[in-house]
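Below are the chains, spelled out letter by letter.
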Amino acid sequence: MDIIVHPDGRLNEGRLVWPGGSFRCALGRGGVRADKREGDGATPVGRYPLRRVLWRADRLPRPETGLPTSPIAPDDGWCDAPADPAYNRPVKRPFAASHEELWRADGVYDVIVVMGHNDDPVVPGQGSAVFMHVARPDWEPTAGCVALHLPDLLRLLKDCGPDTSLTVLAG
């Protein structure tokens with residue numbers, strides 16, 4: 001299945017469309033860019049396989065999906081330091097290099113869909129931790145991810161399987 005993200009003309013918002021429906025989504029504060037770089041805040045243009053789903057099992061049940069799933073633990077992180085050998089890979093905290101904390105209080109990472117961006121192979125500096133995740137209530141832009149309201153994300157995941165990919169179109 002193919003999921004398409006159409007930027008809607010506003011810098012940080014778009015529309016996610018797939019055969020089962022269409023939802024509003026938040027995009028990166030840096031807009032949508034074909035030349036994604038670490039720290040630019042942009043959502044990368046391209047086609048990305050959906051690798052797996054991570055979720056907060058203390059807050060909600062396992063999402064219904066055909067993708068592999070794993071619960072998030074309090075010590076889970078994701079390396080975003082380009083010079084570190086674990087760049088754009090999951091890590092366990094404490095971790096000496098710069099990293100994202102996956103166990104967050106704000107609910108944004110209650111469900112994370114790991115996108116296959118810059119992971120095969122990993123190229124230092126070309127972006128890390130590009131996920132599909134839960135949008136903030138005010139639709140605040142992401143740091144480069146694609147974000148949906150939780151009920152919309154859970155609905156979309158029901159239709160996802162091992163061959164699902166997400167395509168982000170240029171603005």
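Residues numbered from 1 in each chain as written. Predicted model: local features only at pLDDT ≥ 70, side-chain atom pairs only at ≥ 80, totals over all residues. Heavy atoms only, no water.

> Just to check I follow, could you spell out the overall build of the protein chain for this structure?
Broken down by element type, the protein chain carries one helix and 14 strands. The C-alpha radius of gyration of the protein chain comes to 15 Å, within 12% of the 16 Å expected for a compact globule of 171 residues. Considered along the principal axes of its C-alpha atoms, the protein chain spans approximately 40 × 35 × 30 Å. The buried share among the 171 residues of the protein chain stands at 48%. Long-range contacts, defined as pairs at least 24 residues apart, comprise 56% of the intrachain contacts of the protein chain with a sequence gap of at least 6. Carbon and sulfur atoms provide 53% of the accessible area of the protein chain, an area that totals close to 7700 Å². Averaged over its 20 positive side-chain charges, the protein chain has a centre that lies 2 Å from the centre of its 23 negative ones. (Helix = DSSP H or I, 4+ residues; strand = E, 2+ residues; numbered from the N terminus. Rg over C-alpha atoms; globule rule 2.2 N^0.38 Å. Buried < 20%, exposed > 50% of the residue type's maximum accessible area, 1.4 Å probe, protein only. Contact = heavy atoms within 4.5 Å. Areas by Shrake-Rupley, 256 points an atom, 1.4 Å probe, with all protein chains shown as cover. Lys, Arg positive; Asp, Glu negative; His and termini not counted. Charge placed at Lys NZ, Arg CZ, Asp CG, Glu CD.)

> In this structure, what is going on with the packing of aromatic side chains? I would like to understand it.
The full count for this structure, using the stated rule, is three aromatic pairs. For the pair Trp78 and Phe131, a centre-to-centre distance of 5.1 Å together with 90° between the ring planes defines the contact as edge-to-face. In this pair, Trp78 sits in strand S8 (residues 76–79) while Phe131 sits in strand S12 (residues 131–134), placing the two residues 53 residues apart along the sequence. Taking 5.7 Å as the distance between ring centres and 85° as the angle between the ring planes, the aromatic pair formed by Tyr109 and Phe131 counts as edge-to-face. One end of the pair, Tyr109, is in the loop between strand S10 (99–101) and strand S11 (111–115); the other, Phe131, is in strand S12, with 22 residues separating them in the sequence. A single burial state applies to Tyr109 and to Phe131, both of which are buried. Cluster of aromatic residues (ring-pair linked, three or more members): Trp78, Tyr109 and Phe131. (Phe/Tyr/Trp six-rings, centres within 6.5 Å; stacked < 30°, edge-to-face > 60°.)

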